[in-house]
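# Structural overview
One letter stands for each residue in the lines below.
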Amino acid sequence: MSLIIRQMRMEDIEPIYHAFAEHQINKPMDYLRTCWEENQTGVRITWVAVEDDQPVGAVHLLVNSHYVGFSEEEIPEINDFNVIPPFRKRGIGHALMDAAEQFAIPRYGAVGIGVGLFGSYGSAQRLYAKRGYIPDGKGIAYRGESVEQGSTVKVDHDLALYLTKSG
């Protein structure tokens, strides 16, 4: 088995859709087409992990983050990071993160990532800490906007702590 990390190609759209859907990772076809279009315009850069000609993971870099804390500082955001469950714990996630970091940090001086706050994000929280990511110091955010003290927010996939890593 040989692992290749490379930038997304148009012909990756359908295989990614089917591989992810088979493992209950919901990435609608329209979303993947939009990702491809954004790769063409430079808004997003997507790396795909391919093993034996099959996609097993992907990570995106949003050049202009939707999170206000990153967009104000022009920090690109690693976004929508997935490795198919049977391929986890084999270094594929690290290889995808390496690709995004090696692109972003020399160009922008830093890269950011958001991570959810409930239990299912535990392995991601640990991975990012081990890779040297630290909180950006702005507290938690909901749907990309800072949460003020005393606020009530829903604890769901839109509640995150944002982290950065510098060169």
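Residues numbered from 1 in each chain as written. Predicted model: local features only at pLDDT ≥ 70, side-chain atom pairs only at ≥ 80, totals over all residues. Heavy atoms only, no water.

## Notes on the pattern of salt bridges
Where we set the bar: Just to be clear on terms, a salt bridge is a Lys or Arg side-chain nitrogen sitting within 4 Å of an Asp or Glu carboxyl oxygen. Only protein chains enter the accessibility calculation, which uses a 1.4 Å probe; a residue whose area is less than 20% of its type maximum is buried, one above 50% is exposed, and one in between is partly exposed.
Taken as a whole and assessed by the stated rule, the structure comprises 10 salt bridges. A salt bridge links Glu-38 to Arg-44, with the nearest nitrogen and oxygen atoms 2.7 Å apart. Classification of Glu-38 as partly exposed rests on a relative accessible area of 22%. The class for Arg-44 is buried, based on a relative accessible area of 7%. When salt bridges with common partners are traced through the structure, they connect Asp-98, Glu-101, Arg-131 and Lys-165 into a single cluster.

## Some details on the side chain of Thr-164
Cut-off, in case you're wondering: Numbered from the N terminus, helices here are DSSP runs of H or I no shorter than four residues, and strands are runs of E no shorter than two. In what follows, residue pairs with any heavy atoms lying within 4.5 Å of each other are defined as contacts.
By the element assignment, Thr-164 lies in strand S8 (residues 159-166). When residues no more than four places from it in sequence are discounted, the contact partners of Thr-164 are Phe-70, Ile-75, Val-111, Gly-112, Gly-132, Tyr-133, Ile-134 and Asp-136.

## Here we look at empty space enclosed by the protein
Our working rule: Only protein atoms enter the calculation, which uses a 1 Å grid: trapped sets of points that fit a 1.4 Å probe without letting it out are cavities, open sets showing protein on both sides within 12 Å along at least five of seven lines are pockets, and any residue with an atom within 4 Å of a point is a lining residue. Grid points are joined across faces, edges and corners, and a volume is the space filled by probe spheres set on the points. Only Asp, Glu, Lys and Arg are considered charged, only Ala, Val, Leu, Ile, Met, Phe, Trp, Tyr, Cys and Pro nonpolar, and every remaining residue, Gly among them, polar.
Following the criterion strictly, the structure yields one cavity of 30 Å³ or more and no others. Each pocket or cavity is described by its volume, and for the largest cavity that value is around 50 Å³. Lining the largest cavity, in full, are Met-8, Ile-16, Phe-20, Lys-27, Tyr-31, Leu-32, Thr-46, Ala-58, His-60, Asp-80 and Asn-82. Those elements that place two or more of their residues in the lining of the largest cavity are helix H1 (13-22), helix H2 (29-41), strand S3 (54-62) and strand S4 (77-83). Considering only residue class, the lining of the largest cavity consists of six nonpolar, three polar and two charged.

## Details of the sheet that holds S4
Where we set the bar: Pairs of strands are assigned from DSSP output, requiring at least two bridges between the strands.
As summarised here, the arrangement of the eight strands in space is S1-S2-S3-S4-S5-S8-S6-S7, forming an open sheet in which the pairing is mixed. The open sheet has two free edges, formed respectively by strand S1 (3-7) and strand S7 (145-146), since each of these has just one partner strand. Pairing between S1 and strand S2 (residues 44-51): five bridges, direction antiparallel. Looking at the pairing, Arg-6 lines up with Val-48 of S2.

## Some thoughts on the environment of Phe-81
Here Phe-81 lies in strand S4. Sequence separation between Phe-81 and Gln-24 is 57 residues, and the spatial gap between their C-alpha atoms is 14 Å. If near-sequence neighbours (up to four positions away) are discounted, Phe-81 is found in contact with Ala-58, Val-59, Gly-93, Leu-96, Met-97, Leu-127 and Tyr-128.

## Digging into the side chain of Asp-156
Filter applied, for reference: His is not counted, nor are the chain ends, whereas Lys and Arg count as positive and Asp and Glu as negative.
Here Asp-156 shows up in the loop between S7 and S8. Buried Asp-156, no salt bridge; nearest opposite-charge side chain is Lys-154, N-O distance 4.4 Å. Those residues in contact with Asp-156, other than ones at most four positions away along the chain, are Phe-118 and Tyr-142.

## Examining unusual backbone geometry
One non-glycine residue with positive phi stands out, namely Gln-24, at about 60°. On the basis of relative accessible area, Gln-24 is assigned to the exposed category, the value being 71%. Here Glu-74, not a glycine, exhibits a phi torsion of approximately 55°, which is positive. Mapped onto the elements, Glu-74 comes out in the loop between helix H3 (68-71) and S4.

## Thoughts on the packing of H1 against H2
Worth spelling out the cut-off: Axis angles are defined between N-to-C directions and span 0 to 180 degrees, where every axis is a line fitted to C-alpha atoms and, for a helix, only to the segment in contact. Working definition: roughly parallel below 35 degrees, roughly antiparallel above 145 degrees, roughly perpendicular at 65 to 115 degrees, and oblique for all remaining angles. Note on convention: near helix rotated counterclockwise from far helix by under a right angle means a left-handed crossing. Clockwise means right-handed.
Axis separation between H1 and H2 bottoms out at 10 Å; the angle between their running directions is 140°. Here H2 runs oblique to H1, going by the angle between their axes. Helix-helix and strand crossings are classified by hand; for H1 and H2 the assignment is right-handed. Packed against H1, whose contacting residues are Ile-13, Glu-14, Ile-16 and Tyr-17, the element H2 presents Met-29, Leu-32, Arg-33 and Trp-36 at the interface. Here the residues of the contact of H1 with H2 are counted per class, giving six nonpolar, no polar and two charged.

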